[in-house]
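Summary of structural features
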Amino acid sequence: MNKTKSLMKFLPAYLHKRPWLFAFLLILTTCQEGSSLLFGLQDQVQLGQQTRDEILNNPGEYGTTLSRTEYPEAYAYLDEMFNEILASPELRYRDEFAWEIYLIDQEGTVNAFATPGGYIFVYTGLVQYLDNASQLAGVLGHEVAHSDREHSARNLERQYGVAFLLDLLLGGGEGGLAEIASQLALGSTSLSFSRDVEREADEFSVIYLNSTDYACNGAAGFFQKLRDQGQCNSFTWFSTHPDPCERVESINEEANQRSCTSSNLDEGAYDYNDFKADLP
Ligand SMILES: [Zn+2]
């Protein structure tokens, strides 16, 4: 891995194209807050897109991504849910990010993840584990927040360093992309989100779902199920999304404060069980 490559080796070429970034870097060196991001929105989309391609092109490594032509009904169902969430007025980067969603066929993997720039991956194992549409919508809302609130970009920036990521954007390091894709797909602990970030993703899951027909505390339903079954530490989800079982109450409280509906919606002819049944 090239993580230790000198920052100075890559920055000049990059800064040449973006002089404003130079000033920004100078400011950063004097007031480095955890929230500062060196990647613009376009950079985040590009990094997400490259990571997506790495995942799609290597099914042996990351699991087979279900194709839209082979599973049209399942994707129509998932897309409708995804688009309802994305229609939330609280979304910051509806137009700037790519917002693509993929199903990865992996039985038993109860997980989902988001790259920077709005690429969301959902394992079939998660869909099969959940009981209803609102629970899945709650988890999707949580993942959308990780992209839209730039948690994913910040996490990668912290883990890999700016020089390494700039190198990838400049087309330098394919091994690096494989590294990032596998860490995301395998739920590596080194990309684990902080508790504050997890709490914010939960909060925004409620906020996004508030403008949909799904129960706005859908994510709590997932965590409650894990808790009831004593599975609070048994899935990949927990390596990158710490302490979910601790957060059932805070999600429900968030929903109460917003007086949003917490009853699961009545679905049409094709419902969550049909969606599950259509998956391999
Ligand atoms: Zn999370």
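The text that follows walks through the structure, step by step, so that each part is easy to find. (Residues numbered from 1 in each chain as written. Predicted model: local features only at pLDDT ≥ 70, side-chain atom pairs only at ≥ 80, totals over all residues. Heavy atoms only, no water.)

Examining the coordination of the zinc ion
Rules: Only N, O and S atoms count as donors, using a 2.8 Å cut-off from the metal and 3.2 Å for Na, K and Ca, and because water is excluded some sites may appear unfinished. Geometry assignment treats four donors as tetrahedral when all angles are between 85 and 135 degrees, treats four as square planar and six as octahedral when opposite donors are over 155 degrees apart and all others between 65 and 115, and treats everything else as irregular. Numbering of helices and strands runs from the N terminus; a helix is a DSSP stretch of H or I covering at least four residues, while a strand is a stretch of E covering at least two.
Distances from the zinc ion to its protein donors, His142 (NE2), His146 (NE2), Glu198 (OE) and Glu198 (OE), fall within 2.0 to 2.7 Å. Taken together, the four donor atoms coordinating the zinc ion span angles of 52 to 137° at the metal, a pattern that classifies the geometry as irregular. Positions of the donor residues of the zinc ion along the chain correspond to the pattern H-x3-H-x51-E. With His142 and His146 both in helix α7 (residues 133-148) and four residues apart, the pair spans about one turn of that helix.

Thoughts on the packing of helix α11 (residues 195-209) against helix α14 (residues 248-257)
We apply this condition: Axes here mean lines fitted to C-alpha atoms, for a helix over just the part in contact, with angles spanning 0 to 180 degrees between N-to-C directions. Here a crossing is taken to be left-handed if its near helix is turned anticlockwise relative to the far helix by less than a right angle, and right-handed if that turn runs clockwise. Should any heavy atoms of two residues lie within 4.5 Å, those residues are considered in contact. Residues are grouped as follows: Ala, Val, Leu, Ile, Met, Phe, Trp, Tyr, Cys and Pro are nonpolar; Asp, Glu, Lys and Arg are charged; every other residue, Gly included, is polar.
The N-to-C vectors of α11 and α14 enclose an angle of 35°; their axes lie 10 Å apart at closest approach. As α11 packs across α14, the resulting crossing turns out to be right-handed. On α14, the residues that touch Asp202, Glu203 and Val206 of α11 are Ile251, Glu254 and Ala255. Grouping the constituent residues of the contact of α11 with α14 by class yields three nonpolar, no polar and three charged.

Re unusual backbone geometry
Stated precisely, the cut-off is as follows: Buried residues are those whose accessible area, probed at 1.4 Å on protein chains only, stays under 20% of the maximum for their type, while exposed residues exceed 50% and partly exposed ones sit between those limits.
Positive phi, normally seen in glycine, also occurs at Glu150, with a value near 65°. Note that Glu150 resides in the loop between α7 and α8 (151-160). Its identity is not glycine, yet Ser259 carries a phi of approximately 45°, on the positive side. Tracing the chain through its elements places Ser259 in the loop between α14 and α15 (272-278). By relative accessible area, Ser259 is classed as exposed at 65%.

Observations regarding the sheet that holds strand β1 (residues 64-65)
Spelled out, the test is: Strands are treated as partners if at least two bridges between them are detected by DSSP.
Pairing is mixed in the open sheet, where four strands are placed in the order β1-β2-β4-β3. Both outer strands of the open sheet, β1 and β3 (112-115), are each paired with one neighbouring strand and no more. Of the strand pairs in this sheet, strand β2 (residues 100-105) and strand β4 (residues 119-123) are connected by five bridges, and their pairing is parallel. Paired with Ile101 across the bridge in β4 is Ile120. The strands touched by helix α3 (residues 41-57) are β1, β2, β3 and β4; relative to β4, the strand with the most contacts, the crossing angle is about 35°. In this fold helix α5 (residues 72-86) packs onto β1, β2 and β4, with an angle of close to 135° to the strand it touches most, β2.

Observations concerning the pairing of β2
As judged from the two bridges shared by β1 and β2, these two strands associate in the antiparallel manner. Bridge pairing in β2 links Thr65 to Ile104.

Describing the side chain of Thr109
Mapped onto the fold, Thr109 is located in the loop between β2 and β3. Excluding its chain neighbours within four sequence positions, the residues that come into contact with Thr109 are Tyr123, Gly125, Leu126 and Thr236.

As for the side chain of Ser134
The residue Ser134 is located in helix α7 in this model. Ignoring any residue separated from it by four or fewer positions in sequence, one finds Ser134 in contact with Leu209, Tyr214, Ala215, Gly218, Ala219, Asn264 and Leu265.

A short note on the pairing of β3
Covered by surrounding structure in β3 are Ala112 and Ala114 together with Phe113 and Thr115, the residues of both alternating faces. Where β3 lies against β4, four bridges are found, and the strand directions are antiparallel. Paired with Thr115 across the bridge in β4 is Tyr119. Following β3, the chain reverses through three residues before pairing antiparallel with β4; Gly117 in that reversal takes a positive phi of roughly 80°.

Some thoughts on the packing of aromatic side chains
In plain terms, the rule: In this analysis, rings of Phe, Tyr and Trp, with Trp reduced to its six-membered ring, are considered paired at centre separations within 6.5 Å, and the interplanar angle assigns stacked below 30 degrees, edge-to-face beyond 60, and tilted for intermediate values. Any Lys NZ or Arg CZ that is within 6 Å of a ring centre and within 35 degrees of that ring's normal is treated as a charge sitting over the ring.
In the structure shown here, the tally under the stated rule is 14 aromatic pairs. With 5.6 Å between their ring centres and 50° between their planes, Tyr77 and Tyr270 make a pair best called tilted. Note that Tyr77 is positioned in helix α5 and Tyr270 in the loop between α14 and α15, a separation of 193 residues in sequence. The class of Tyr270 is partly exposed, set by a relative accessible area of 27%. Counting every residue linked through ring pairs, the aromatic cluster contains Tyr77, Tyr270, Tyr272 and Phe275. One cation-aromatic arrangement involves Lys225 over Tyr129; the distance from NZ or CZ to the ring centre is 4.7 Å.

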